[in-house]
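Residues per chain, in single letters:
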Amino acid sequence: MTAGKVVVVGSLNADLTVRTDRFPSPGETLNGSELVIVPGGKSANQAAAAAILGADVRLFGAVGADGHGDLLLKAAADAGVDASRVLRRPDTATGTAMIVVDAAGENTIIVSPGANGTVTGGDLPADLFDGAAVLCLSLEVPLDAVTAAAQAGHDAGATVLLNLSPYREVPAELLALTDVLLVNAHEAAQVSGLADPAADWEAVIGAFARLGIHRAIITLGGDGAVVLDGTAAGADRIVAAAPTRVTAVDTTGCGDAFTAATAARLAAGDSLPAAAGFAARAGALAATLPGAQSSYTALLGLGAEA
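Report on the accompanying structure.

What counts, and at which threshold
- The residue numbers shown here count from 1 along each chain, following its written sequence.
- Where local features are concerned, this predicted model is filtered to residues with pLDDT of at least 70; where side-chain atom pairs are given and counted, the filter is 80 or more; whole-chain, interface and lining totals use all residues.
- Excluded from the side-chain calculation are hydrogens and water; included are all heavy atoms of the structure.
- Helix and strand assignments come from DSSP, with helices taken as H or I runs of at least 4 residues and strands as E runs of at least 2, each series counted from the N terminus.
- Atoms counted for the radius of gyration: C-alpha only. Globule rule: 2.2 Å times the number of residues to the power 0.38.
- To be clear on the numbers: accessible area is Shrake-Rupley with a 1.4 Å probe, and residue cover counts the displayed protein chains and nothing else.
- We score Asp and Glu as negative and Lys and Arg as positive, and we do not count His or the chain ends.
- Note on charges: their place is set at NZ of Lys, CZ of Arg, CG of Asp or CD of Glu.
- Throughout, exposure labels follow a simple rule: accessible area from a 1.4 Å probe, protein chains only, divided by the maximum for the residue type, with under 20% read as buried, over 50% as exposed, and the rest as partly exposed.
- Orientation is described by lines fitted to C-alpha atoms, with helices fitted over the stretch in contact, and by angles between N-to-C directions that extend from 0 to 180 degrees.
- Two helices cross in a left-handed way if the nearer one is turned anticlockwise from the farther one by less than a right angle. They cross in a right-handed way if the turn is clockwise.
- Two residues form a contact once any of their heavy atoms are found within 4.5 Å.
- Residues are grouped as follows: Ala, Val, Leu, Ile, Met, Phe, Trp, Tyr, Cys and Pro are nonpolar; Asp, Glu, Lys and Arg are charged; all remaining types, including Gly, are polar.
- Two strands form a pair only when DSSP identifies at least two bridges running between them.
- Think of it this way: a Phe, Tyr or Trp ring, Trp meaning its six-membered ring, pairs with another when their centres are within 6.5 Å, and the plane angle makes it stacked under 30 degrees, edge-to-face over 60, tilted otherwise.
- Charge-over-ring contacts are defined here by two conditions on Lys NZ or Arg CZ: a distance within 6 Å of the ring centre and an angle within 35 degrees of the ring normal.
- Take the buried residues of types Ala, Val, Leu, Ile, Met, Phe, Trp, Tyr and Cys, join any two whose side-chain atoms come within 4.5 Å, and each joined set is a nonpolar core.
- Cysteine sulfurs are considered disulfide-paired once they come within 2.5 Å of each other.

## Here we look at the overall build of the protein
- Helices and strands together make up the secondary structure of the protein, namely 9 helices and 14 strands.
- By the compact-globule yardstick of 19 Å for 306 residues, the protein fits well, its C-alpha radius of gyration being 18 Å.
- Overall size of the protein, expressed as C-alpha extent along the three principal axes, is 55 × 45 × 40 Å.
- About 12100 Å² of surface is accessible on the protein, with carbon and sulfur atoms providing 55% of the total.
- Distance from the positive charge centre (16 side chains) to the negative charge centre (32 side chains) of the protein: 3 Å.

Structure follows, in structure tokens:
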């Protein structure tokens, strides 16, 4: 699959996961499984999945000088990711995510940013974007770093792919630098101001265009995704990506697998609808195994298919 390089800028977290039959109510205590600590963080997940799918991937972020940081850097290297530019912060703990997974495979996540919160735009290495075809960004590091990376990626000629997660308000400057916005249906409603985006995708295209966003992918969970392209005409403006039906075990890493697969296929030269169709399959397959990065062995066959 390798063509242009995929650069991922953002978070690396140690995922601390407990499984339980159901989520507790406020004030309630439940028994859970043994604690499992595995590599995670949206950006580290995206980098690992893209590499497993055959992309040439470079990762930038920050971890602490601790065991969790060692775990994350080893996992990235094992997946085939160039993590040589990831910073080590001696006085800050590696970021962590506390994850609870229920019997249906659904999850709740609380993130403690740790070293991720120390990343600034001034930390970006001068050679980070050399040869970059696609830049993957999400929102688990400070916005000034995300915006600076978007500007540098844009200046280097890379396609800037912004996964607006975890959702928060972002500056107009960042949206203007975004070539492809990737959001779920709930996030699409927040960005567009429309209560039910799926009721009128043309209205979403119009709302996004007023924010400077002309191309977007809306993920729809088990219903696949839809590609919105305000620069296209006719049927090409709204293209559905069909779902892949699977029995879900754990959905923790599905969104990051989708983002990674989109980036990998765009870097390989695919059209946006083709990349989204491939990504819908990747996201579904990631739900068939537990964990985030640990679930990405399910993607190995897709990498060969591409």
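## Observations regarding the environment of aspartate 91
- With respect to the helices, strands and loops of the structure, aspartate 91 is situated in the loop between strand E6 (87–89) and strand E7 (95–101).
- Classification of aspartate 91 by relative accessible area gives exposed; the value is 77%.
- A C-alpha to C-alpha distance of 35 Å links aspartate 91 and alanine 176, two positions 85 residues apart in sequence.

## As for unusual backbone geometry
- Here the residue pair serine 165 and proline 166 is connected by a cis peptide bond, since its omega of -5 degrees sits within 30 degrees of zero.
- Among the secondary structure elements, proline 166 is positioned in the loop between strand E10 (159–163) and helix H4 (172–176).

## Quick notes on the packing of helix H7 (residues 254–267) against helix H8 (residues 272–286)
- Close contact between H7 and H8 brings their axes to 7 Å; oriented N to C, the two are set at 145 degrees. Relative to H8, H7 is oriented so that their crossing is right-handed. For the pair H7 and H8, the contacting residues are Cys254, Ala257, Phe258, Ala261, Thr262, Arg265 and Leu266 in the first and Leu272, Ala275, Ala276, Phe278, Ala279, Ala280, Ala282, Gly283 and Ala286 in the second.
- In terms of residue class, the contact of H7 with H8 is made up of 13 nonpolar, 2 polar and 1 charged.

## Comments concerning the sheet that holds strand E2 (residues 13–19)
- Strands sit in the order E3-E2-E7-E8 across an open sheet of 4 strands; the sheet is mixed. Of all the strands in the sheet, just strand E3 (36–40) and strand E8 (107–112) have a single pairing partner and so form its edges. The average angle at which neighbouring strand axes cross in this sheet is 25 degrees, direction not considered.
- In this fold helix H2 (residues 67–79) packs onto E2, E3 and E7, with an angle of close to 55 degrees to the strand it touches most, E3.

## Comments concerning the packing of aromatic side chains
- Applying the stated rule across the entire model yields 0 aromatic pairs.
- It is arginine 265 that lies over the ring of phenylalanine 278; its NZ or CZ is 5.7 Å from the centre.

## Observations regarding the nonpolar core
- By size, the foremost hydrophobic cluster in this structure holds 50 residues, and its most contacted members are Val6, Val57, Val81, Ile217 and Leu299.
- Here valine 81 is in contact with Ala47, Ala48, Ala51, Val57, Leu59 and Ala76, once residues within four sequence places are set aside.
- Listed in part, the 40 residues of the second largest apolar core include Ala115, Leu135, Val191 and Trp201.

## Topic: the sheet that holds strand E4 (residues 56–60)
- A sheet is described by the order of its strands in space; here 8 strands give the open sequence E4-E1-E9-E10-E11-E12-E13-E14, paired in mixed fashion. Two strands close off the open sheet at either side, each with one partner strand: E4 and strand E14 (238–241). Taken pair by pair, the neighbouring strands of this sheet meet at an average axis angle of 20 degrees, ignoring direction.
- Judged from the 3 bridges that link them, E10 and strand E11 (residues 180–184) form a sheet pairing that is parallel. Of the residues in E11, the one forming a bridge with asparagine 163 is leucine 182.

## Examining the state of the cysteines
- According to the stated counting rule, one finds 0 disulfides in the structure shown.
- This cysteine, cysteine 136, is not joined by any disulfide, and cysteine 254 carries the nearest cysteine sulfur, 16 Å off.
- The exposure class assigned to cysteine 254 is buried, which follows from its relative accessible area of 14%.

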